[in-house]
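Structural description and commentary
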Amino acid sequence: MENKMFCFQCEQTARCMGCTGNAGVCGKQADTAGLQDKLTGALIGLARATEGNESLVTPEIDRLVLEGLFTTVTNVSFNNETLNALIERVEQAKASLIPQCGVCESQCGRNDDYDMQDLWQADEDIRSLKSLILFGIRGMAAYAYHAAVLGFTDKEVSDFFYKALFAIGMKDFGMDELLPIVLEVGAVNLKCMALLDRANTQTFGTPEPTQVSLTVEKGPFIVISGHDLYDLKQLLEQTRDKGVNVYTHGEMLPAHAYPELKKYPHLKGNFGTAWQNQQKEFADFPAPVLFTTNCLMPPRPGYADRVFTTEVVSYPEIRHIGPDKDFSPVIEKALALGGYAEDRPMTGINGGGTVTTGFGHGAVLSVAGQVVEAVKAGAIRHFFLVGGCDGAKPGRNYYTEFVRQTPPDTVVLTLACGKYRFNDLDLGAIGGLPRLMDMGQCNDAYSAIQVALALAEAFGCGVNDLPLSMVLSWYEQKAVCILLTLLHLGIRNILLGPSLPAFLSPNVLRYLVEHYNIGPIGTPEEDLRKLLQ
Ligand code: SF4
Ligand code: SF3
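Residues numbered from 1 in each chain as written. Chains lettered and ligands numbered in written order. Predicted model: local features only at pLDDT ≥ 70, side-chain atom pairs only at ≥ 80, totals over all residues. Heavy atoms only, no water.

1. Overview of the site of ligand 1
Near ligand 1 there are 13 residues, and of these Cys 7, Cys 10, Cys 19, Cys 26 and Thr 74 occur at the shortest range. Partitioning the shell around ligand 1 into residue classes produces seven nonpolar, five polar and one charged. (Near = heavy atom within 4 Å. Nonpolar A, V, L, I, M, F, W, Y, C, P; charged D, E, K, R; others polar.)

2. With respect to the environment of Val 313
As for its position among the elements, Val 313 is in the loop between strand S6 (307-310) and strand S7 (319-321). On the basis of relative accessibility, which here comes to 0%, the residue Val 313 falls in the buried class. Taking C-alpha positions, Val 313 is 8.2 Å from Phe 78, a pair spaced 235 residues apart along the chain. Not counting residues within four places of it along the chain, the set of residues in contact with Val 313 comprises Val 76, Phe 291, Thr 292, Thr 293, Asn 294, Leu 296 and His 320. (Helix = DSSP H or I, 4+ residues; strand = E, 2+ residues; numbered from the N terminus. Buried < 20%, exposed > 50% of the residue type's maximum accessible area, 1.4 Å probe, protein only. Contact = heavy atoms within 4.5 Å.)

3. With respect to unusual backbone geometry
Here the bond from Asn 294 into Cys 295 is cis, since omega is 15°, no more than 30 degrees from zero. Relative to the helices and strands, Cys 295 is located in the loop between strand S5 (289-291) and S6. With omega at 0°, the peptide bond leading from Gly 497 into Pro 498 counts as cis. Inspection of the secondary structure puts Pro 498 in the loop between strand S15 (495-497) and helix H17 (506-516). Positive phi, close to 55°, is recorded for Asp 241, a residue that is not glycine. Structurally, Asp 241 can be placed in the loop between helix H8 (229-239) and strand S3 (245-249). The exposure class assigned to Asp 241 is exposed, which follows from its relative accessible area of 77%. In this model, Asn 493 sits at a positive phi of 65°, which is unusual for a non-glycine residue. Its relative accessible area of 36% is what places Asn 493 among the partly exposed residues.

4. Considerations on the environment of Cys 295
Owing to a relative accessible area of 9%, Cys 295 belongs among the buried residues under this scheme. Residues contacting Cys 295, with those up to four places away along its chain left out, are Asn 75, Trp 275, Gln 278, Tyr 475 and Glu 476.

5. A short note on the pairing of S6
Burial of S6 is two-sided: the residues Val 307 and Thr 309 facing one way and the residues Phe 308 and Thr 310 facing the other way are all buried. In the sheet, S5 pairs with S6 via three bridges, with the strands oriented parallel. Within S6, the residue paired with Leu 290 across the bridge is Phe 308. The pairing of S6 with S7 spans three bridges and is parallel. Residue pairing in the sheet places Thr 309 in a bridge with His 320 of S7. (Pairing = 2+ DSSP bridges.)

6. Regarding the packing of aromatic side chains
Per the counting criterion, the structure on display carries 22 aromatic pairs. Here Phe 282 and Phe 291 contribute two aromatic rings whose centre-to-centre distance is 6.1 Å and whose plane-to-plane angle is 65°, an arrangement assigned as edge-to-face. The same class applies to Phe 282 and to Phe 291, which are both buried. The interplanar angle of 85° and the centroid separation of 5.3 Å between the aromatic rings of Phe 384 and Phe 402 together place this pair among those described as edge-to-face. Here the residue Phe 384 occupies a position in strand S9 (residues 382-388), and Phe 402 occupies one in helix H14 (residues 397-405), the gap between them amounting to 18 residues. Three or more aromatic residues joined by ring pairs make a cluster, and in this case those are Phe 221, Tyr 247, Phe 271, Phe 282, Phe 285, Phe 291, Tyr 303 and Tyr 340. Taking the ring centre of Tyr 145 as reference, the NZ or CZ of Arg 63 above it sits at 5.4 Å. Positioned above the aromatic ring of Phe 285, the side-chain terminus of Arg 306 is 5.1 Å from the ring centre. (Phe/Tyr/Trp six-rings, centres within 6.5 Å; stacked < 30°, edge-to-face > 60°. Lys NZ or Arg CZ within 6 Å of the ring centre and 35° of its normal.)

In structure tokens form, the structure reads like this:
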């Protein structure tokens, strides 16, 4: 069969090798995949055009690069129309950097767009390293984008996107040139996550441990999904005193912990579980859903008229809220649908009726002394960071079982949407500290890193010498940049699941195993036994 598309950027890629043919497993059609390639090629062309023209690069162009990369993250955009418009804007930005090229008679090709087929058909190790760079900066762009929305930018972070894009387009770059850039993605992403952490905490306050109800109260309501806290804030303002309640979904759950968001009494609770359950969970409820970022699945006809998108999320025929952030159509929909007639108690996947969030580095480090004492006294034997993305593979109940089986003298830190596998479990407490602590969204991996570094300092050892194990789950490209950050910090022995990325060639995987001892998850029993040895 003719390969109409090629994409292998996420964990659910077909046959663990790559999505080809007419559509990807996520529902992305071949023509959309082609436009995403074209957009990426145009961004590489733009990066090429910045060389020697750095002084002409404006903050608007920096922002456009973030938008272009974020748009190609899995489950963000399925819309050819918006992709074409974005490609056009990238071409215009490039032309603004090199006006002389438009009239040049002897086309040198120096600033041409890149043909992504050259990447997909490259030698497998080169393709693997360039994919790590590309998918890593796609994930990082999402974080930089959220920070920029709140008015926070960092020149070093913005500039790096051009360097990385440029490298992807370099024909003669080999292992020696590409490997350092792969690790640099991790280093710059640490700065980027720190930037977003500053943006979030300076705008919305320091997260506080907060219990979140899973019951949906009677009356009109809106469900808001994704990672964008700014959108949630606007929605809370616009629904104030309108008799419309707001419920978080997926990665929006940690919003409940921010003082400037939790102060709204109509931010009531959390609806549903992780992204892969949305087609089931959204099928039958009397309210609209607003997607601010990934993960959007193709909306089923039964509820498509209740779905709204904003920012870079886009799907054909689905109503989009533009930059004016006028959420009136969403609010009107909520009022028209009316919500439930009675309070509807719901549960997490293990039957729990509430979840707790808000254990960012601010909260955890405020009790650092207590934690250190508990370790010294032997009350806490081990920490596990069980975090990352959720997904549809049946093997992902590994994470539920792993957490359930952690011994009572251990603490589980978690983050991102993978936590829905276990965040409604009651694991009890150790000396007043809950055994299960949700640190926030995937970008709050920054919090986990801060806590690990602080513990290492308190014990006068390296992070790898701490009684701390990382058991991670991945799905999309934000997980790639976080993984690269952990590798940049020299963290060893990470267990990764549910399967290893298809874009790791055998040689690149061998390198990661040799240098970082990264490995696949096994069974919960066996992994726990090994990690606690
Ligand atoms: Fe396939 Fe994932 Fe790419 Fe979608 S994003 S086409 S599922 S590899
Ligand atoms: Fe989840 Fe999509 Fe990755 Fe931010 S929302 S972690 S999968």
